[in-house]
Amino acid sequence: MVDGDPTTPEIAVMLERTEDAIQLTVPTKGMFGHDDPYSRWFSSGIQFGDDPDRTRFRYTPPSNLLFNDHRGHVSLIGCRQTAASFGSNGAGFGRVVAEYAVLGGRSWANFEKVNGVRTEIPGLAEWTGISSRTTEVKNDKANRTLEYTITMRSPAAQPLARNKNLTLQPSWRSSIPAPGTIATHDVIQISTTSKKHEAWDGLLAPHRAVQDLLSISAWKPFGFSRIEVGVVEQSNRHETPADGESKMMVWSEVVTRRLRLADTAPTGVHFLFTFADIGAPGVQRWVRLRSKYERALLPLIGIVDERGLFVETRVAQTGIAIEALGFQLASDGANGATLNTRGQITYNDAMEAILADMPVVPVPDVEAWKDRSRLSYMGVKHADNPTPDIVTLANAYRENALVLRYWVAGRLGCAKDLLRRRLDEDPLSRSFGAA
């Protein structure tokens, strides 16, 4: 481990990727070892005689650390101390966790801020409908196949939004799943870039927005299968930058626990809307919508992120989303919706504000939904209200989620006829307890 301080020695440590964290275990000589600078990182509440004011030495790990072994080096970004354990003889260990681990790279100190982020989401190619694959079949006069040609050629990049230069970059890969078999795979990369070095969160935010857009459309969780960051660096004599520039973007793979990861797309997906339905303008609207209506949309996204939630929690989450969305619409004066004299909105009025802002209402009986939703939300929210039976709660959650998703689809520019057709395919359209 290298901590960037020339006065401290290098030290042998263990770096591991656990189920919960990227974790660095640092051995220590004891809390009172004068020649052990690293033990002070884990000394919260301890007083040192040689530094009573805790000003001479470092008492927390630096935000960036470098790890080296025979496989190369790993840059650890966003480091903080967590646990420590010390024996009676003073020896022990402390643990540091990192938000991101950058594999390789040539300038680890520069990874605190980067110039670009690239990600891949399994299922994005299906949602966009963009493919690098074309096929050509040649038959003889008897209609027997003589030649079958598959050509893989990446289409041009598709700009999505000016915000961080959000772009879809179609690509492809090939693999050999079995001897004598060749498979080709469409890959869609999402990229954000900036000429200036920026913090990770700003460049990652549009990627998370696209991930959430797919999850809302399919009502299933999508995750990232690959994450890379890019840093603009001076090219060496063996490299040829694009456009004759002296610098080039160098990309490195990232490991993190801060984002939802998935090697494959969810199965049995029925998209409420696709890229062909909303286009790049729809994605731009979503990025703005997600920011403006964050208090309404994040609880909704949280439900699809956590598939094991109790139905009471799902009712509460969707109810919070309805209240927040109705309040924002009334604050904006959308379709004549208004707040009361105290600057508030009732749950019933929130539902009315949402319904008035929808091109297509996906519930067959609006009044029945309003009653069921209100009784269920108040029942799980307030201890002095009766809680409806489980079937009523399940249907309230189902209809709440359906209304919120259809409101999003309408705001993204989906056609009315399209939304009506997709309703029959949506699993949330089927009532629980129906004969």
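Summarised in this report is the structure supplied together with it. (Residues numbered from 1 in each chain as written. Predicted model: local features only at pLDDT ≥ 70, side-chain atom pairs only at ≥ 80, totals over all residues. Heavy atoms only, no water.)

Digging into the nonpolar core
Stage number 1. In terms of nonpolar packing, the biggest core is built from 91 residues, with Leu124, Trp127, Trp200, Trp219, Phe273, Trp286 and Trp407 touching the most fellow members.
Stage number 2. Broken down by element, the residue count for this core peaks at 11 residues, all from helix 8 (residues 390-411).
Stage number 3. Not counting residues up to four positions away in its chain, the partners in contact with leucine 124 are Leu168, Ile188, Ile190, Val210 and Leu214.
Stage number 4. Core analysis: the next-biggest nonpolar cluster, separate from the first, contains 18 residues, Ile11, Val13, Leu24 and Trp41 among them. (Core = buried A, V, L, I, M, F, W, Y, C linked by side-chain atoms within 4.5 Å. Buried < 20%, exposed > 50% of the residue type's maximum accessible area, 1.4 Å probe, protein only. Helix = DSSP H or I, 4+ residues; strand = E, 2+ residues; numbered from the N terminus. Contact = heavy atoms within 4.5 Å.)

Some words on unusual backbone geometry
Stage number 1. Positive phi outside glycine occurs at asparagine 143, with the angle close to 65°.
Stage number 2. Following the sequence through the fold, asparagine 143 ends up in the loop between strand 9 (133-139) and strand 10 (145-152).
Stage number 3. For asparagine 335, which is not glycine, the phi dihedral falls at a positive 50°.
Stage number 4. Residue position: asparagine 335 is located in the loop between helix 5 (311-332) and helix 6 (347-356).
Stage number 5. Judged by its relative accessible area of 53%, asparagine 335 is exposed.

Some remarks on the pairing of strand 6 (residues 92-98)
Stage number 1. Relative to strand 6, strand 2 (residues 22-28) is paired through seven bridges, and the arrangement is antiparallel. When the bridges of strand 6 are listed, threonine 25 appears paired with arginine 95.
Stage number 2. Sheet analysis places strand 5 (residues 80-86) next to strand 6, joined by five bridges and oriented antiparallel. Residue pairing across strands places phenylalanine 86 opposite glycine 92, the latter belonging to strand 6. (Pairing = 2+ DSSP bridges.)

Re the packing of helix 7 (residues 366-381) against helix 8
Stage number 1. Following both chains from N to C, one finds helix 7 and helix 8 inclined at 115°, their axes separated by 9 Å at the closest point. Taken together, the axes of helix 7 and helix 8 are roughly perpendicular relative to one another. When you trace helix 7 past helix 8, the crossing you get is left-handed. Contacts between helix 7 and helix 8 involve Trp369, Arg372, Ser373, Ser376 and Val380 from the former and Thr392, Leu393, Asn395, Ala396, Glu399, Asn400 and Val403 from the latter. (Axes fitted to C-alpha atoms, helices over the stretch in contact; angles between N-to-C directions. Parallel < 35°, antiparallel > 145°, perpendicular 65-115°, else oblique. Left-handed = near helix turned anticlockwise from the far one by under 90°.)

Thoughts on the pattern of salt bridges
Between side chains of opposite charge, a pair can form as their charged atoms come close.
Stage number 1. If you walk through the whole model with that rule in mind, you get 21 salt bridges.
Stage number 2. Notably, a salt bridge pairs glutamate 352 with lysine 370, separated by 2.2 Å at the nearest N-O pair. Pair noted here: glutamate 352 is in helix 6 and lysine 370 is in helix 7, with a separation of 18 residues, a long-range link.
Stage number 3. Glutamate 352 gets classed as partly exposed once you look at its relative accessible area, which sits at 37%.
Stage number 4. A salt bridge links aspartate 417 to arginine 420; the shortest N-O distance between them is 3.3 Å. Residue aspartate 417 and its partner arginine 420 are located together in helix 9 (residues 416-423), separated by three residues, close to a single helical turn.
Stage number 5. The class of aspartate 417 is exposed, set by a relative accessible area of 51%.
Stage number 6. Through salt bridges with shared partners, a single ionic network connects Arg118, Arg226, Glu228 and Glu253. (Salt bridge = Lys/Arg side-chain N within 4 Å of Asp/Glu carboxyl O.)

Read these as geometric descriptors, not functional statements.
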